[in-house]
Structures are given as C-alpha cells and as structure tokens.
Amino acid sequence: MRNINSAVQSMTVKGEYASVGDLKMYYEIHGTGRPLILLHGAFMSATVYPALAESRQVIAVDLQGHGRTADIERPFTFAQMADDTAALLKRLEIEQTDIFGYSMGGKVGLAMAIRHPELVRRLAIYGAAYKSFEESFPHDALKVFKEITPETFAPKDLKEPYEKISPAPNWKGLAAKILESMKAFKGFSPEQMKAIKAEVFIGAGDHNDVSLEHILEMHKLIPKSQLAVFPNTEHKVLITNPDKVLVQVKEFLDNGFETAAETKQATT
Amino acid sequence: MNSKPNMKTTTFVLSILLSMLLAGVVSGQQKPTTGYAPVGGLKMYYEVHGSGDPVVLLHGAFMAISGDWNDWIGELSKTRKVIAIEMQGHGRTADINRDLSYENLADDVAGLLDYLKIERADIIGYSLGGGVAMQCAIRHPEKVRKVVSISAPFRREGWVKEANDFWPTFTWEVFKGTPMEAEYKRLSPTPDKFPDFVNHIKATALKPYDFGADKLKATKAPMFFIHGDADGVRLDHIAEMYRLKGGDLHGDMRPHPESRLAILPDTTHVTLMNRMTTIVPMVNDFLDTKPSKQ
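*Asks:* Could you give an account of the overall build of chain B, with specific residues and numbers?
*Replies:* Of regular secondary structure, chain B possesses 10 helices and eight strands. Excluding contacts between residues fewer than 6 apart, the proportion of contacts in chain B whose partners are at least 24 apart in sequence is 71%.

What follows is the structure, given as structure tokens:
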C-alpha cells in the first residue's frame, strides 16, 4: 500500500534546478522531517525509495551528467560530486543531513563525510569501495571490468531511462566519463577513513563487485561503522529488490547504534 | 428426507471441524514427540516438532533447547520437521566420561539420525552447535543436506583474542545465581553437578582445535554462515570460511555459489540470537532453494 502511495506521490513532485558553480543540478524534495540525501549509482538518476521516504525530508539529486542534470566540461570526480551536493545543501539551508549512497553514490557519500564532515550525521552506503578498482574488485569482476569499453557497454535498463530524461543525451560520452572516473580514482587514504566523524553503515551483498576483504577493511578503518552483508544478494539489488537492503538501512538511519562502540573487533 | 442441510447445523459442524483443526495445529506445536536416544554411550534427549523436511537444531555451549531455540521452533516447525537435541551434558542429557569434542558431538547427531531413521537432514547450529554442524558435514557427508552455522569458527584461532583469553580466567562461579544455572538445575538429571559440567566445557574450550581448511573446502553440503559485525568470531575468519565454500565472487557476472554469508549490523555473538525475525526468513530461503543444476 505504502509503496503505491509513495510512487504516486513521487510522480507528482516537481523537480527543481539549482546553480552550483557551473552546474545546473537537478533535485527533488519529498516529504518533511529529518533530511536524507539520496545519491544514485553510475548511469542512474534520482531514485526515491519508498522504504526510506517515510517521515523524512528526502532530497534526491541527479549528479553531474546523470539524469536531468546536463554534463559540463569537467571530468567526473567523486570529490567534485560531493562538493556539488554540499553546495546544494547550503542553498537549501540544510545544516546537517543523513545520506544514503548506492555504488558510485556511496563513494560520493564517503567523499562528503571526508570533505564536509559538519554536514553529515549518518551515512549509509551500499556496494561502494573506498580504494581504486584494482584494489577493491574481486578477481573475476576485475577481469570483466577491464574488458568494458564505452562502445560496448550499453545495458538497456540503464541506457533507455537515461536517454528518456537527459536534457542532452550522449550515452557513449557518459560511459566514457564514468569509466575514466573509475580508473582515475586512487582511493581515499586510511587516514581519511579513520578521520570520518559520521556514523556509517557499510552494506554489501555476499556476491558483490566489492571484495569482502575490502568491505572488512573499510569497517575496521571507520571509527563508528557497522557492517551488513546480505545473503544471496548482488550489487544490483537496489534496482531489482531494494527493500531487501533498505529495511536495515532505515533502521540504522533512524536509530544509529545499539551496541557499544568498544565491542567492535580490533584490527587484526 | 430433507436433503438440504440445515444452515444452523452446517455452521455448527464447520465450527467444530475448525476448532478441531486449530486444536490440532496448536497441540502439534505445543506437544512435541520427545525421547532419549541411546547414542555414543549417552541417553541423548531430543524433541521432534512439526512435519516436513527434517532439520536438526544444535544449541550453544551451556545452553539447552529452551535457551536458544524456543521462538525458532514455532517458526521453523510450520513447514519442517524440527529435531531439537540437547548435546552431551547439556539440558536433559546427562554428562558421561567422554571428551566434549566437536567430533564426538557430531557423531552423536549422526547416531540420532540413524536412530530416528532419518536418512538426511539440514543442520542449524549456534556457537558450539555451529561447529558441530560443520563437523557433521565433514564426518558424515551422506547425512547432511545443508548447514546453517551461526557464529562459529572452524579453528580455535577463529575466535577473537578476547574470547580465547577469557577461558583460562573463567570459573563456574561466574554462573552462580544466573538463569543459566537455574535452567541447568531445572532440566538436568544431575542437578547438583553444575560445577563439573561447567568445568567440562571449560576443558574443551581450552583445547586447540582445527577442523582443517581443506576438509571444510571439501564438504559437499552448501553452508550458510551467519554472523554479527561485532561477533566473537574474527571477521577475517568469517571471510575465510565463506571463500573456502566458494564465496566472495561477483554475483552479477557468474552463477552464485550455493553457500551464503550474512553479517548483521550492530550485532554481537550474544545479540545475534535476538535477531530471529531477521534471521529465520533468511534461513528458510536458504534451506528452500533447490540446488542449481550444473
């Protein structure tokens, strides 16, 4: 029931644009309550998950070059995307927010917690790595990833929605910039991860495109983190069956920690 | 004769049938078949609840069926035949002069299945019981379909350092006056032997053990490892177990391994057992998934 209502509601919400630097950034605001920023994955656009929207002011954005936010002459970096989102928050006079970031959006969320610590209360990420792709992909995924080119990569379920809403669609251009940004990303340093002040929920599937080892490292580095690995779950679960993950994400965003931080396992 | 049944009579009969049906369901849940099986020199206590594919429940150290599985049995027995046992020295099963080793306890489970004429079963174990479940898959592969191991390592070093450091300092007085002691006295055929029982477990816990990575890897039964992010089992050991069973691969790009991993956020070795509403649906899904054809 709730799903249907929320879906109807989201269609009637009118999106807005804010100028942040040279970017005209698209965003939507749904509901009222404690703010929650939603950061989508690569190739995707503002997605309002009904499971997270309840009793919240949800702000869903389209990051640079994605969805309804037109691209500009500037490479994609997760740091820049974080700064764009921080600038938007300032415009909206939001002093502190919770964040849920999926995949690339999770990296942008980490960049926000690192670069704009005062803005972030709780951060939940799913399927996001903090290191370079060579250091974070499982071996089999790495092999496949290295073979991807902008010319050959065109999954219908991503390409078609993009072309429908982009103000200036250029799929190959987008794919090229995303692949470039992934290859250029050197990762955040362990010191940066250790300095994160926000409470962080690290989510991953047991068949993910981030290796388990990497996820565990991230959990050990971030002082106030909790870790959730979902069984029989893939990277794309946020597209195919988001509630499988979001029930626990919501629990974290609303309630934070129950277990004392001291019980967290010491680094091996 | 009037062939049309009287409306009132029909309603009456229906309500009686319905209440009989409900009573049957309720009593089916409340009144299990219980008994003592002669296995491994023990008189091992067991309960059988419900009907369907058999699943064995193995409690943690110091515990009994009542401590770990009360709420689980009601849920699982809706669709399965649940066989809950009390392992050597625990609950209603008296202790004997024999090592409380994972191997012995696993052989007891196999012996019980023979005794009950059950060819193959799924096994769910918590803590000590999780280790026994893995040993069942290693030692009695033909008897084990799938394993759910909740918060258990396959070697002693898999426990966090704090847990291993704790045992030498531990004495039975720690449990004096606790519900654990009260439950022992209530259930055990030797209610005044609580200190001996605790010391027996302590002796086991102090002993080094290692099931062998190669042996775990060689098991055929798919395994589902369930842990907390603040577990008593080291996170790198959890990752090692899952990898040994074929995990940690990119699921969007290849067929999934049949083994699974869940790590629950903000959860310890002890609070895991309060997360039943999250865990039981995961367990049902794992047990109900048909093996993929190669």
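*Asks:* Describe in detail the interface of chain A and chain B, supporting the description with residues and values.
*Replies:* Facing the 34 residues of chain A at the interface are 30 residues of chain B. Looking at the side of chain A that touches chain B, the elements with two or more residues in it are α6 (139-147), β7 (199-207), α10 (212-221), β8 (225-234) and α12 (243-255) of chain A. Counting residues per element, the side of chain A that touches chain B draws most heavily on β8(A), which supplies eight residues. Among the residues making up the side of chain A that touches chain B, the classes are represented as 13 nonpolar, 13 polar and eight charged.

*Asks:* Which residues make up the environment of A:G33, and what values go with them?
*Replies:* Note on placement: A:G33 falls in the loop between β2 (23-30) and β3 (34-39). Each residue touching A:G33, except ones within four places of it in the same chain, is listed here: A:S55, A:R56 and A:Q57.

*Asks:* Let's hear about the pairing of strand β1 (residues 16-20) of chain A: which residues, and what values?
*Replies:* Residues and elements named next belong to chain A. Two elements, β1 and β2, share five bridges in a ladder whose sense is antiparallel. Directly across from A18, in β2, lies its bridge partner M25. As consecutive antiparallel partners, β1 and β2 are separated by two residues, and within that stretch G21 has a phi angle of approximately 60°, a positive value.

*Asks:* Outline the packing of α10(A) against helix α9 (residues 235-244) of chain B, listing residues and values.
*Replies:* Between α10(A) and α9(B), the least distance of the axes is 10 Å, while the angle of their chain directions is 170°. Taken together, α10(A) and α9(B) sit at an angle that is classed as roughly antiparallel. Touching A:L212, A:E213 and A:L216 of α10(A) are B:L235, B:D236, B:A239 and B:Y242, all from α9(B). Split by residue class, the contact of α10(A) with α9(B) holds five nonpolar, no polar and two charged.

*Asks:* Lay out unusual backbone geometry with the relevant residues and their values.
*Replies:* One can expect most non-glycine residues to show negative phi and most peptide bonds to be in trans. Residue and element names in this part refer to chain A. Phi at F43 is positive, roughly 75°, even though this residue is not glycine. Following the sequence through the fold, F43 ends up in the loop between β3 and α2 (50-53). Taking the number of C-beta atoms within 10 Å as the measure of exposure, F43 has 22 and is therefore buried. Positive phi values are uncommon outside glycine, yet S103 reaches one of about 60°. Relative to the elements of secondary structure, S103 occurs in the loop between β5 (97-102) and α4 (104-115). The buried category is assigned to S103, around which 25 C-beta atoms lie within 10 Å.

*Asks:* Tell me about helix α8 (residues 171-184) of chain A, residues and numbers included.
*Replies:* All names here are of chain A. Given a rise of 1.5 Å per residue, 14 residues ought to cover 20 Å, and the 20 Å separating the end C-alpha atoms of α8 matches this to within 8%. Regarding α8, the residues found buried are L174, A175 and S181. Angularly, the buried residues of α8 cover 130° about the axis, an arc narrow enough to put them on a single face. Facing away from the buried side of α8, by more than 90 degrees, are the exposed residues K172, K183 and A184. Against the buried residues of α8 lie α7 (156-165).

*Asks:* Give a description of the nonpolar core that names residues and reports values.
*Replies:* Core analysis: the biggest nonpolar cluster contains 150 residues, and A:V61 and B:I85 have the highest contact counts within it. In this view, B:I85 contacts B:M44, B:Y45, B:Y46, B:V56, B:L58 and B:L112; residues no more than four positions away in its chain are not counted.

*Asks:* Before we move on, could you go through the pairing of strand β6 (residues 120-126) of chain A and cite the residues and values that matter?
*Replies:* Residues and elements named next belong to chain A. Where burial is concerned, most of β6 is hidden: six out of the seven residues are buried. In the sheet, β5 pairs with β6 via five bridges, with the strands oriented parallel. Looking at the pairing, Y102 lines up with Y126 of β6. Across five bridges, the pairing between β6 and β7 is parallel. The residue of β7 that forms the bridge with I125 is I202.

*Asks:* Give me the lowdown on α12(A), citing residues and values where you can.
*Replies:* Residue and element names in this part refer to chain A. The end-to-end C-alpha separation of α12 is 18 Å, in line with the 18 Å expected for 13 residues at 1.5 Å each. Buried within α12 we find V245, L246, Q248, V249, K250, F252 and L253. Positive phi appears at G256, one or two residues downstream of α12, with a value of about 65°.

*Asks:* Residues and numbers for the environment of B:Y209, please.
*Replies:* Residues and elements named next belong to chain B. Secondary-structure assignment places Y209 in the loop between α7 (194-206) and α8 (213-218). Each C-alpha atom, one on Y209 and one on E258, is 27 Å from the other, the two residues being 49 residues apart in sequence. Ignoring sequence-local partners within four residues, the contact set of Y209 consists of Y102, R155 and R156.

*Asks:* Before we move on, can you summarise the environment of B:G130 with the specific residues and values?
*Replies:* Residues and elements named next belong to chain B. Within the secondary structure, G130 sits in helix α4 (residues 128-139). Separated by 71 residues in sequence, G130 and H59 have C-alpha atoms that sit 8.1 Å apart. Not counting residues within four places of it along the chain, the set of residues in contact with G130 comprises G125, S149, I150, S151 and A152.

Conventions adopted
- Residues numbered from 1 in each chain as written.
- Chains lettered and ligands numbered in written order.
- Predicted model: local features only at pLDDT ≥ 70, side-chain atom pairs only at ≥ 80, totals over all residues.
- Helix = DSSP H or I, 4+ residues; strand = E, 2+ residues; numbered from the N terminus.
- Contact = placed C-beta atoms within 7 Å.
- Nonpolar A, V, L, I, M, F, W, Y, C, P; charged D, E, K, R; others polar.
- Pairing = 2+ DSSP bridges.
- Axes fitted to C-alpha atoms, helices over the stretch in contact; angles between N-to-C directions.
- Parallel < 35°, antiparallel > 145°, perpendicular 65-115°, else oblique.
- Buried ≥ 20, exposed ≤ 12 C-beta atoms within 10 Å, placed from the backbone.
- Expected span 1.5 Å × (residues − 1).
- Arc of directions from axis to C-beta.
- Core = buried A, V, L, I, M, F, W, Y, C linked by C-beta atoms within 7 Å.

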